Every structure is written in C-alpha cells, then in structure tokens.
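Results of the structural survey
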Amino acid sequence: MTDDRKYLSRRAFLESVGVGAAGATLAGVAPRAATAAVQEEGLTWVALRVNGRSHQLLVEPRWTLLDVLRERLELTGTKLGCGRGECGACTVLVDGTPRYACLVLAVEAEGREVTTVEGLMRGEEMGTVQTAFVEEDAFQCGYCTPGQVMAAEGLLRRLPHPGPEAIREGMSGNLCRCGAYKHIFEAVRRAAELRG
Amino acid sequence: MLPTFTYVRPKSVTEALELGATEGAVLHAGGTDLLGCLRDGVFRAGKVVSLSALGELRGVARTSDGGLRIGALTTLSEIAEHATVRGQYLALAQGAAAAASPQLRNQGTIGGNLCQRPRCWYFRGDFHCLRKGGDRCYAVNGDNRYHCILGGTACYIVHPSDTAPALVALGAQVRVASRSGSRLVPIDEFFVPPARSVQRENVLRPGDLLTEILLPPASGRSVYRKVRARGSWDFALAGVAVAATVTEGRVEQARVVLSGVAPIPWRAAEAEALLTGRQLDADTIGRAAEASVAGAQPLAHNGYKIHLVRGLVAETLEALA
C-alpha cells in the first residue's frame, strides 16, 4: 500500500515535469534542473533504444524493462504474466536474443537494442512469425502470443531452419495456458519457411 | 513492484569491489535470481551493484596450461554452445543447456548459476526459516518432496545448480576477488554444507566477487544427466555429472557428482572409490550405483530420490562404458 502510493506520487511528479508522458521520445539531453531535482527522489535517467527509436526516460532503478515498456512507452503488446520469469508472456529481444522483460531492470537495458512485438511490424504489415501464427491458428485466448512470437523470432534469428526438437527446445520457456503448443510449433516451422 | 534500492554500475572490477563492500550492497550479474529474491523478500538490497559493464569478466578462452578460463559473467547460453566446451568439457555444456529456459540462459551467468540461492519453497516463501535467520527448518515436518537425502543437517535444501556438479566433476577452480586481493578456490571447497553454516551456500563473504572459473586441461570423458518433473524446464529432482578416464574398459579415475539431492554438489566418494581401477562392466556399474546413495537419509516424502539416483548413475555409467 505504502509502496503503491509512493509509486503513484512519483509517477505524477514525473508527468508534471513533462518527461514521463507516455510514448514521448525526447531527443537530446535531459533538462539539467529537472535531473538534479528528481535524483533526490531516487530517479535516474536511462537511455533506451526500443524498436529502433531512442528514448531518454526517468526511471526508478527498481522498474523492470516490462514496467517501462508498458507504463512509460505504452508498448502494451508485451504482456505481464507471472512477473517472475516462469511463463514467458513478457519475452522481448535484447540485442536479438529472447529475454524475460520482467526480470530485466530497465537500467540494465541501457545501450542494448530492445525489440518488442510491435517492432516486428513493417508499417501495417505483420512480420513472418506473426503471419505464420495467424496462418497456423497458433493461439486461442492470445495472451501468451506476443511472448511466443518473440521467442520464435529469437529462435529463428539464431537458427533459421530449426528441426522439430530445436523448435520445442527454443519455445520451452513459454507457457500457453490454452495448450496450443502443437499449432505454435507448426507456426514456428511455417515462419522458417516464410523467411526462406 | 520490487522494493526500492539504489543502483550503481561500476566500470572496473576494482570499483565493483569497493562498491560491493559497502553496507547493504548486493551484486547483480544476470539478475535472474536476484530479482526473484528481492521480489519475494528473501533478502533485501539497499544498493544493487551491477556488474554488466565489466566486459573482462565475460567470455571463454584457452589458458597457457591448456585448460579453459570462463569469465564469471559468461552466459549459460554461450557456454552451452561453445565449441571447445562441447568438445572437451561436455558435462559442463550439458549442465548449462539443462539449466532453466532459453530466455534465462541468455541472461543468467555461470557465476550467478554457482551463487544462486536455494529453491526450497519455505526459504523462498513467507517462512522465517533457519536459512533466513529463523529458528527452524520447515521442511523437516513439512512438504519435503524436493529436499535433500544426503548431507542435510538442520537445513534440508538441495543445491539448485546444474553447472556446479559438472564443474566439480571436471576439477574446476574459481577465482574469488576482494579488496585485499584474489585467491583461487578449488570448487570442491567453494560450497558450504549446512553442517558448517545454514545461512550461506558458499565461501563468499560480503565484498567478495567470483571473477572466473578455471578448468584444467581436458582428460577423459564427461557427461551430465538431469531428471526433472517437467520436461520443458525445471530444477533437477536429481542429476549426475560423471567425469572419467576409461582405458580399454578399465576406469583409471572417476568423479561422480550428484545434483538435486544434497545441499552442495555431492561427490559420491564411495562410488568413485569403487569404480577406480575396475572394469566398467555390469557388475561394477550396479555396485557403483548402489554406492552412490551410501548414507542417504530420506525425509518423509523424498525417498523416491534414492531409487532415482541409483537408476540415473547406472544409466550414465552404462553410456560411458
């Protein structure tokens, strides 16, 4: 309760200095006066690169990459599932490899290239993995899907033509409560085909 | 939301050692275990000291004596896929590949894997147990199906690492740095059983930093096998790392190290003694498998681990024969 109130007040403070506005991409250097003031509040500047765009953000060190993607950058494609690195719903790519965004501190992602499910889009066109998931009907409720898609994307970047065993292994860090695994594995195979 | 802490990212090992020695500091390597512990309130951190800028603690390289040096911040994925590790230290590659999930292996480091805290659900849960400074081990009379059958005294955790038993079998050493210098510790002496302390799992003191793992020149063959309740990913119910030199069917030397059944990677010394100098035939394998659980004292719900270890050791030795 206490923590939540503190969090809300900090968030309100952030927005009042105009840098926490959702989705804002600030070019250049942070305003100096604000820096000094907010650091006393336990906040720190972090430079993040997400889906090819650079962001300067004020964050608390305890905020995870998942918190920042969803709450600060409004990239809500990445889902919060278990929040403890067990389900895979928050999978994103960090420097091209899959990680659980709920177990990465936002400050630790500084200088890394972060890719979320939104980053796989080419304009209004879906990427190959997303297309394959639709073609193969690889989801039911869809909640785990962004994480599954990112795990598959990471797997295919490392291993463009995985066999059935490599697909199962590559997707083993993602749970699907609906049990759509068979179709998910099929979608990964299909995505590899689409990528040629 | 995690509890609040301050965050620093030192640029050098020297600076990291200074910061790591300050009050309330905890070290952050991959962070996968640390963040879980902080979230669950297993312990607190006033200051998180990130090691992520210390590039010199990353990577695998040959040493001048023909062994291998693995930086403590090398990820489990890198180790699992490394050609030399796979070719000459197979048990370690298999241990790294058997740990956690792809996402966690991409982030988790070998140093962190050795230093991770136990997975005992009382320790991780809302129980003020012996290991957290309380007055009892709740596993003794509780649900102890995943607890130890060997080496338990007062506390009945199992050591959760899959790479540790492989490194013990392979005769590794670890380098521990502190402000007063660095020392090499044989990995056999790195882990601390509950008989010596119920509050820590290794010899590291506040301010110490595990910087690298050194493997001797490869000799013989090695293998790590792990059994888990869930096929996709899970901690070991039991596992075994075996490193052996077998010449014309005769065992010249062997190390047999168990995971998932003891508070430290457990050297099955009686099995090792029994194997040494003998033909690796069905009779020897059967006796070694029996000897591997010598002294086991199961709790109310984990007697199955005795059978599991016997079978696992027998199968693993058969594969080496």
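Conventions and cut-offs
- Residue numbers restart at each chain and count upward from 1, following the sequence in its written direction.
- Written order determines the labels here, with chains lettered from A and ligands numbered from 1.
- Local features in a predicted model are, by the rule used here, given only for residues with pLDDT of at least 70; side-chain atom pairs are given and counted only at 80 or more, and totals for whole chains, interfaces and linings are based on all residues.
- Excluding hydrogens and water, the side-chain values take into account all heavy atoms of the structure.
- The helix count covers DSSP runs of H or I at least four residues long, the strand count covers runs of E at least two residues long, and both are numbered beginning at the N terminus.
- Note that the radius of gyration is over C-alpha atoms, with the globule rule given as 2.2 Å times the number of residues to the power 0.38.
- In this description, contact between two residues means that some pair of their heavy atoms is separated by no more than 4.5 Å.
- Accessible areas in this description were obtained via Shrake-Rupley with a 1.4 Å probe; residue shielding takes into account the shown protein chains only.
- In this count, Lys and Arg are taken as positive residues and Asp and Glu as negative ones, while His and the chain termini are left out.
- In plain terms, the charge of a residue is placed at NZ if it is Lys, CZ if Arg, CG if Asp and CD if Glu.
- Exposed residues in this analysis have more than 50% of their type's maximum accessible area, buried residues have under 20%, and partly exposed residues fall in between, with area computed by a 1.4 Å probe over protein chains only.
- One side-chain nitrogen of Lys or Arg within 4 Å of one carboxyl oxygen of Asp or Glu is enough to make a salt bridge.
- Any residue outside Ala, Val, Leu, Ile, Met, Phe, Trp, Tyr, Cys, Pro, Asp, Glu, Lys and Arg is labelled polar, Gly included; the first ten of those are nonpolar and the last four are charged.
- One requirement defines pairing of two strands: DSSP has to find at least two bridges between them.
- Interaxial angles span 0 to 180 degrees and are taken between N-to-C directions of axes, which are lines fitted to C-alpha atoms, for helices over the stretch in contact.
- Expected span, for any helix, means 1.5 Å times one less than how many residues it has.
- Working note: the arc is built from the helix axis to C-beta atom directions.
- The split into domains, and so the bounds of each, comes from an automatic or database assignment of domains.
- Accessible area that two parts lose when put together, with a 1.4 Å probe and added across both, is what the buried area reports.
- Joining through side-chain atoms within 4.5 Å is the link that ties buried Ala, Val, Leu, Ile, Met, Phe, Trp, Tyr and Cys residues into a set, and such a set is a nonpolar core.
- Nonpolar side chains (Val, Leu, Ile, Met, Phe, Trp, Tyr) within 5 Å and like charges within 9 Å form the patches, drawn only from residues with over 30% relative accessible area and no salt bridge.
- Here pLDDT means the predictor's own confidence in every residue, given as a number from 0 to 100.
- Here a polar contact is taken to be a pair of N or O atoms separated by no more than 3.5 Å, where protein atoms must pair a possible hydrogen donor with a possible acceptor and residues adjacent in sequence count only if both atoms sit in side chains.

This part is about the overall build of chain B. What chain B contains, in helices and strands, is 12 helices and 12 strands. Radius of gyration (C-alpha) of chain B: 19 Å, near the 20 Å computed for a compact globule of 321 residues. Overall, chain B is about 60 × 50 × 35 Å in size when its C-alpha atoms are taken along their principal axes. Intrachain contacts of chain B at a sequence separation of at least 6 include 62% that bridge at least 24 residues. As displayed, chain B offers around 12,800 Å² of accessible surface, 50% of which is attributable to carbon and sulfur atoms. Charge-centre separation for chain B: the mean point of 35 positive side chains lies 4 Å from the mean point of 28 negative side chains.

A few words on the overall build of chain A. If you tally the helices and strands in chain A, you get 7 helices and 5 strands. The burial tally for chain A puts 48% of its 196 residues in the buried class. In chain A, once contacts between residues fewer than 6 apart in sequence are set aside, the share between residues at least 24 apart is 60%. Per element, the accessible surface of chain A, about 8,900 Å² overall, is 52% carbon and sulfur.

Across the contact, 28 residues belong to chain B and 32 residues belong to chain A. Residue B:Arg9 is joined to A:Glu110 by a salt bridge in which the shortest nitrogen-to-oxygen separation is 2.6 Å. Of all the secondary-structure elements, those providing two or more residues to the side of chain B that touches chain A are helix 2 (32–39) and helix 6 (102–107) of chain B. In terms of residues, the side of chain B that touches chain A owes the most to one element, helix 6 of chain B, which gives 6 residues. Tallied by class, residues from the side of chain B that touches chain A come to 10 nonpolar, 12 polar and 6 charged.

Residues and elements named next belong to chain B. On the basis of which strands lie adjacent, the open sheet formed by 4 strands has the order 9-10-11-12 and antiparallel pairing. The outermost strands of the open sheet, each flanked by one partner alone, are strand 9 (221–227) and strand 12 (266–267). Against the sheet, helix 12 (residues 304–320) engages strand 9, strand 10 (238–247) and strand 11 (250–259), with an angle of about 30° to strand 10.

A few words on helix 7 (residues 181–195) of chain A. Residues and elements named next belong to chain A. An ideal rise of 1.5 Å per residue puts 21 Å on 15 residues; helix 7 measures up with 21 Å between its terminal C-alpha atoms. For helix 7, the set of buried residues is Ile184, Phe185, Ala187, Val188, Ala191 and Ala192. With its buried residues spanning 155° around the axis, helix 7 presents them on a single face. Remark: Gly196 follows helix 7 within two positions and exhibits a positive phi of approximately 75°.

Here we come to the sheet that holds strand 2 (residues 53–59) of chain A. Sheets are built from strands paired through backbone hydrogen bonds, the pairs being either parallel or antiparallel. Residues and elements named next belong to chain A. Read from one edge of the open sheet, 5 strands run 2-1-5-3-4, paired in mixed fashion. Here the strands that pair on one side only, and so sit at the sheet edges, are strand 2 and strand 4 (97–100). Averaged over all pairs of adjacent strands, the angle between their axes in this sheet comes to 40°, without regard to strand direction. The pairing of strand 1 (residues 44–50) with strand 2 spans 7 bridges and is antiparallel. Paired with Trp45 across the bridge in strand 2 is Leu58.

This part takes up the domain arrangement of chain B. Residue and element names in this part refer to chain B. Under the domain assignment used here, chain B contains domain 1 (56–116 + 157–215) and domain 2 (221–320). Interface area, domain 1 with domain 2, both sides summed: about 1,900 Å², of which 65% is carbon and sulfur. Run the count over domain 1 and domain 2 and you get 3 salt bridges. Elements with a minimum of two residues in the side of domain 1 that touches domain 2: helix 5 (90–98) and helix 9 (163–169).

With 41 residues, the main nonpolar core has B:Leu92, B:Leu114 and B:Phe190 as its most contacted residues. Contributions of two or more residues to this core are made by strand 5 (68–71), helix 3 (76–81), helix 5, helix 7 (110–115), helix 9, strand 6 (173–178), strand 8 (209–215) and strand 10 of chain B. Grouped together as the second largest cluster of nonpolar side chains are 36 residues, A:Val104, A:Val114, B:Val26 and B:Leu35 included.

Turning next to the side chain of B:Arg105. The residue B:Arg105 is located in helix 6 in this model. Take B:Arg105: its relative accessible area is 8%, and that puts it in the buried class. Residues contacting B:Arg105, with those up to four places away along its chain left out, are A:Glu169, B:Thr75, B:Leu76, B:Ser77, B:Ala96, B:Ala97, B:Ala99 and B:Ala100.

This part takes up a nonpolar patch on the surface. Residue and element names in this part refer to chain A. On the surface, Met126, Val134 and Phe139 cluster together to form a nonpolar patch covering roughly 250 Å² of accessible area. Structurally, Val134 can be placed in helix 4 (residues 128–135). Residue Val134 is classed as partly exposed on the basis of its relative accessible area, which comes to 46%.

Turning to the confidence of the model for chain A, a few remarks are in order. Confidence in the prediction of chain A, expressed as mean pLDDT, is 86, and 80% of residues score 70 or more. Every residue in residues 1–38 of chain A scores below 50 in pLDDT, and together they form 43 contacts with partners more than four places removed in sequence or on other chains.

All names here are of chain A. Mapped onto the fold, Leu48 is located in strand 1. For the pair Leu48 and Glu113, spaced 65 residues apart in the sequence, the C-alpha separation amounts to 7.8 Å. With residues near it in sequence (within four places) discarded, Leu48 still touches Arg53, Ser54, His55, Leu57, Leu65, Val68, Ala106, Ala109 and Glu110.

Take the side chain of B:Gln116 next. Residues and elements named next belong to chain B. The topology assignment puts Gln116 in the loop between helix 7 and helix 8 (121–124). Its relative accessible area of 8% is what places Gln116 among the buried residues. Within the structure, the side chain of Gln116 is placed 2.9 Å from the backbone oxygen of Asn113, a separation counted as a polar contact. Excluding residues within four positions of it along the chain, Gln116 makes contact with Asp33, Pro160, Ser161, Glu201 and Phe235.

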